[in-house]
Every structure is written in structure tokens, then in C-alpha cells.
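# Examination of the molecular architecture
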Amino acid sequence: MFEQITLGDWISLIVRWVHAISSVAWIGGSAFFAFVIRPVEKTHPDAIRPILQPLSSVYRELVDISVIAIIITGLILMFDRLTGNDASPAWFIVLGLKLALAVWMFYLVWRFRQSDFNPTTQPTGLGGKLSWLIGYNAMVFLGVIIFLLASVLRTLFENSIST
Ligand code: HEM
């Protein structure tokens, strides 16, 4: 039943799996903060505020591990595709777009760390509100778009190997 799957196939399957679950952990974690913790904090500030600090520091670790895993596995997947001859020009364009958005997300994380950005503190003033909106929601938004682009890449690739 599994004899058609070579060792190389297993390795690339595992790399793809790690890439996918790390992406889910990162984007899912951000969405949980943005759409669950934040609204509950607004309605029940006394219940949530005391645990915000430990929550966000554990979340930080999750982001660190996920981002490292995503970069390593993403590069392996990319070189795996590039060494075959099945990557079409459309595939390259979509990959370029996906990479640009991924770099933007990595930059957002880096900038939050530089400015000691704390996703759990209440933004103050218009500037604060804007940067919160741009920073936090942009992360979830970019992640969702990247997932879509990853599916497009897959379809483009499968189409080019079947023709
Ligand atoms: C260094 C940055 C990254 C590189 C080089 C990279 C590269 C790739 C490549 C080459 C593929 C395979 C595409 C195909 O099927 O032809 C892929 C799939 C995928 N990528 Fe990335 N990626 C990166 C970052 C990200 C990020 C930040 C996310 C999510 C937030 C993400 C989510 C995904 C998902 C969900 C898949 C589909 C996995 C599957 O088919 O099971 N990637 N990536």
C-alpha cells in the first residue's frame, strides 16, 4: 500500500506537515488573541488582566518556535520544488508574492519586539489604535492570504506535473 512512497517522499511529506502545522499554530494563536482574548478582556477586564502577562509570554515562545520552523521548512520546500523542473512561471510569481507577505509578517513580529509591543495592552490615542490595528490585525489578515496563496501554489504545481 505504501510501496510507491519513497524515502524522499516521506521526508518532503514531513517537512510539508511541519510547515503547515507551524503556520496553523502561528496564525491560529494570533487569531485567538485578536478575536477571543481581546474582546473578553474588554468585557471582563478584571478576570483577564492578571493573566495577560503570562499568556503573552507563553504565546511569544509559540511564535518563536513556529517562525523558526516555518522559515527552515519553507526554504526546504522551495528548494525541493526548484530542483524539479515542474515549477511554472505562474508558480514563481505566486511564490514571490507569498514570500513578500511572509517577510512582511516576520518584519511585523520583529518591529513589535523592538518597540516592546505588547498585544495585550490597550492602545492609547489615534496613533496607538492605528498601529494596533495595522500590526495585530494585519498579522492575521496576511496569514490568511498566505494560506490562500499556498493552496494556489499547490494547485499550480499539481496542474503542471499532470500536463
Ligand atoms: C520563509 C518563508 C516561506 C517560504 C520560503 C515558504 C515556502 C513554501 C513552499 C515552497 C510551499 C509549497 C508550495 C507548493 O505546494 O508548491 C509552501 C506551502 C505552504 N506554506 Fe509556506 N513558505 C514560507 C512562509 C510561510 C508562512 C509565513 C505561512 C503561513 C503563515 C506559510 C504557509 C504555508 C502553507 C499552509 C503551505 C501549504 C502546505 C501544504 O501543502 O500542506 N508559509 N510554502
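Residues numbered from 1 in each chain as written. Predicted model: local features only at pLDDT ≥ 70, side-chain atom pairs only at ≥ 80, totals over all residues.

Moving on to the overall build of the protein chain. Of regular secondary structure, the protein chain possesses 4 helices and 0 strands. Counting from the amino terminus, helix and strand elements in the protein chain follow one another as α-α-α-α. The buried share of the protein chain, reckoned over its 163 residues, is 12%. Intrachain contacts of the protein chain at a sequence separation of at least 6 include 86% that bridge at least 24 residues. (Helix = DSSP H or I, 4+ residues; strand = E, 2+ residues; numbered from the N terminus. Buried ≥ 20, exposed ≤ 12 C-beta atoms within 10 Å, placed from the backbone. Contact = placed C-beta atoms within 7 Å.)

Surveying the vicinity of the ligand reveals 23 residues, the closest of which are Ser-23, Gly-74, Leu-77, Ala-150 and Leu-153. For the shell around the ligand, the secondary-structure elements that each account for two or more residues are α1 (7–43), α2 (45–83), α3 (89–114) and α4 (125–162). Broken down by class, the residue content of the shell around the ligand amounts to 16 nonpolar, 4 polar and 3 charged. (Near = placed C-beta within 6 Å. Nonpolar A, V, L, I, M, F, W, Y, C, P; charged D, E, K, R; others polar.)

Counting residues in hydrophobic clusters, the biggest one holds 6 residues: Trp-26, Ile-27, Ile-70, Met-105, Met-139 and Val-140. Setting aside residues no more than four positions away along its own chain, Ile-27 makes contact with Val-140, Gly-143 and Val-144. (Core = buried A, V, L, I, M, F, W, Y, C linked by C-beta atoms within 7 Å.)

Between two packed helices, what matters for the description is the angle formed by their axes and the separation of those axes. One can describe the packing of α1 onto α2 by two numbers: an axis separation of 8 Å at closest approach and a directional angle of 155°. One element, α1, and the other, α2, form an angle in the roughly antiparallel class. Judged by the sense of rotation from one axis to the other, the crossing of α1 with α2 is left-handed. Partitioned by chemical class, the residues of the contact of α1 with α2 number 18 nonpolar, 8 polar and 4 charged. (Axes fitted to C-alpha atoms, helices over the stretch in contact; angles between N-to-C directions. Parallel < 35°, antiparallel > 145°, perpendicular 65-115°, else oblique. Left-handed = near helix turned anticlockwise from the far one by under 90°.)

Take the confidence of the model for the protein chain next. Averaged over all residues, the pLDDT of the protein chain equals 86, while 85% of them reach at least 70. Averaged over each element, pLDDT in the protein chain is lowest for α4 (81) and highest for α1 (92). (pLDDT = per-residue confidence, 0-100.)

When you line up the elements, Leu-97 lands in helix α3. Taking the C-alpha atoms as reference points, Leu-97 and Ile-146, 49 residues apart in sequence, are found 8.7 Å from one another.

Looking now at α2. Under the 1.5 Å per step criterion, the end-to-end length of α2 is 53 Å for 39 residues, consistent within 8% with the ideal 57 Å. Considering bend angle alone, the principal kink of α2 is centred on Leu-52 and spans about 50°; proline Pro-54 follows within four residues of it. Within α2 the residues assigned to the buried category are Ser-66, Ile-70, Thr-73 and Gly-74. (Expected span 1.5 Å × (residues − 1). Bend = angle between axes of the 7 residues up to and from the residue.)

Time to look at α1. The end-to-end C-alpha distance of α1, which contains 37 residues, comes to 52 Å, matching closely the 54 Å that a straight helix rising 1.5 Å per residue would cover. Approximately 30° is the largest bend angle found in α1, and it occurs at Phe-33. Of all the residues in α1, the buried ones are His-19, Ser-22, Ser-23, Trp-26, Ile-27, Ser-30 and Phe-33.

Turning our eyes to something else, we now look at the environment of Asp-64. By the element assignment, Asp-64 lies in helix α2. Considering only alpha carbons, one finds Asp-64 and Trp-26, 38 residues apart in sequence, at a separation of 9.1 Å.

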